[in-house]
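Coordinate analysis (summary)
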Amino acid sequence: MKKKDEIRLESIKAAHKAVKPKSARVEDYLEVISELVEMKGYATTLDVSRYLNVSAPSVTKMLHRLDEGGFLNYEKYQGVKLTSKGKNVADTIRQKHSTLLEFFEILGIEHETANQDAEGIEHHLNPKTIRQLRKFITHLKSNQKFLESFKSL
């Protein structure tokens, strides 16, 4: 029988195999581009660079990759437009973020901290986990007495 520490190490190892840091970076780019387009009507390399705190050449390189992957349409010196594939990924991340943010705020975590924590883990959760969390939030919100009781703790 494995000790708790060994089980935990195996769990960490499995999680790191499942997590694809490049995909999280792709999601960050698509999320920022989507937000910029929604806010301003377009997204530029410089905008993305500023929001992600990376160099403009790094953004250009990633935009080419995302263009090749079918996530967006990119032309030098023009705004960036997400394809339906890119919009779908951005929407999924936005929904994950929203679910996590709402959950953390129900727990009484202040908005700024909740937002940072949601951003930190949104890329690493299985869609099944998010679905169950969404169900749990819906259930909690339908039970106002429980919520009030929890908030008074």
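This text follows the structure it describes.
Please read these numbers as outputs of a predicted model, since none were measured by experiment.

**A look at the overall build of the chain**
From N to C terminus, the chain includes eight helices and two strands. Scanning the chain from its N terminus toward the C terminus, one meets helices and strands in the order α-α-α-α-β-β-α-α-α-α. Within the span of the chain, comprising 153 residues, buried residues form 31% of the whole. Taking as baseline every contact in the chain between residues at least 6 positions apart, the subset at least 24 positions apart corresponds to 51%.

**Describing the packing of aromatic side chains**
How two aromatic rings sit relative to each other is set out by the distance from centre to centre and by the angle between their planes. The tally for this structure, following the rule as stated, stands at three aromatic pairs. Note on Phe146 and Phe150: the rings are 6.5 Å apart at their centroids and 20° apart in plane angle, and the pair reads as stacked. Placement of both Phe146 and Phe150 in helix α8 (residues 144-151) is noted, with a separation of four residues, approximately one turn of the helix. Phe146 gets classed as partly exposed once you look at its relative accessible area, which sits at 42%. Chaining the aromatic ring pairs together yields one cluster made of Phe103, Phe104 and Phe136. Lys85 extends its terminal NZ or CZ atom over the ring of Phe71, reaching a point 4.5 Å from the ring centre.

**Comments concerning the environment of Thr83**
The topology assignment puts Thr83 in the loop between β2 (81-82) and α5 (84-106). By relative accessible area, which is 18% here, Thr83 ends up buried. Remark: the alpha-carbon pair of Thr83 and Asp67, spanning 16 residues in sequence, is separated by 9.1 Å. Those residues in contact with Thr83 that lie beyond four places of it in its chain are Gly70, Phe71, Leu72 and Asn73.

**Quick word on the environment of Arg134**
The topology assignment puts Arg134 in helix α7 (residues 127-142). As a C-alpha pair, Arg134 and Ser98 span 36 residues in sequence and 9.7 Å in three-dimensional space. If near-sequence neighbours (up to four positions away) are discounted, Arg134 is found in contact with Ser98, Thr99 and Glu102.

**Topic: unusual backbone geometry**
At Asn53, a position not held by glycine, the phi torsion is positive, near 55°. Its place among the elements puts Asn53 in the loop between α3 (45-52) and α4 (56-68). A relative accessible area of 70% places Asn53 in the exposed class. Located in the positive-phi region is Tyr77, a residue other than glycine, with phi close to 65°. Here Tyr77 shows up in the loop between β1 (72-73) and β2. Since its relative accessible area comes to 77%, Tyr77 is described here as exposed.

**Description of the nonpolar core**
Formed by 19 residues in total, the largest nonpolar core has its most connected members in Tyr29, Leu30, Ile33, Val48, Leu63, Leu66 and Leu72. Counting residues per element, the ones that place at least two in this core are α2 (21-40), α3 and α4. Among the elements that make up this core, the one with the highest residue count is α2 (six residues). Apart from residues lying up to four places away in sequence, Leu63 is in contact with Ile33, Thr45, Leu72, Tyr74 and Val80. Grouped together as the second largest cluster of nonpolar side chains are 12 residues, Leu100, Phe104, Ala118 and Ile137 included.

Rules used in this analysis
Throughout this description, residue numbers start from 1 for each chain and increase along the sequence as written. Only residues with pLDDT of at least 70 get local features here, since the model is predicted, and only at 80 or more are side-chain atom pairs given and counted; chain-wide, interface and lining totals rely on the full set of residues. Side-chain descriptors were evaluated using all non-hydrogen atoms of the structure, hydrogens and water having been removed beforehand. Secondary structure counts use DSSP, requiring at least four H or I residues in a row for a helix and at least two E residues in a row for a strand, with both numbered from the N terminus. Any residue under 20% of the maximum accessible area for its type is buried, any over 50% is exposed, and the rest in between are partly exposed; the area is computed with a 1.4 Å probe on protein chains only. Residues count as neighbours in contact if any of their non-hydrogen atoms are within 4.5 Å of one another. Only the six-membered ring of Trp is used, alongside the rings of Phe and Tyr, when aromatic pairs are assigned; centres must lie within 6.5 Å, and planes under 30 degrees apart are stacked while those over 60 apart are edge-to-face, with the rest tilted. Charge-over-ring contacts are defined here by two conditions on Lys NZ or Arg CZ: a distance within 6 Å of the ring centre and an angle within 35 degrees of the ring normal. To define a nonpolar core, start from buried Ala, Val, Leu, Ile, Met, Phe, Trp, Tyr and Cys residues and group those joined through side-chain atoms within 4.5 Å.

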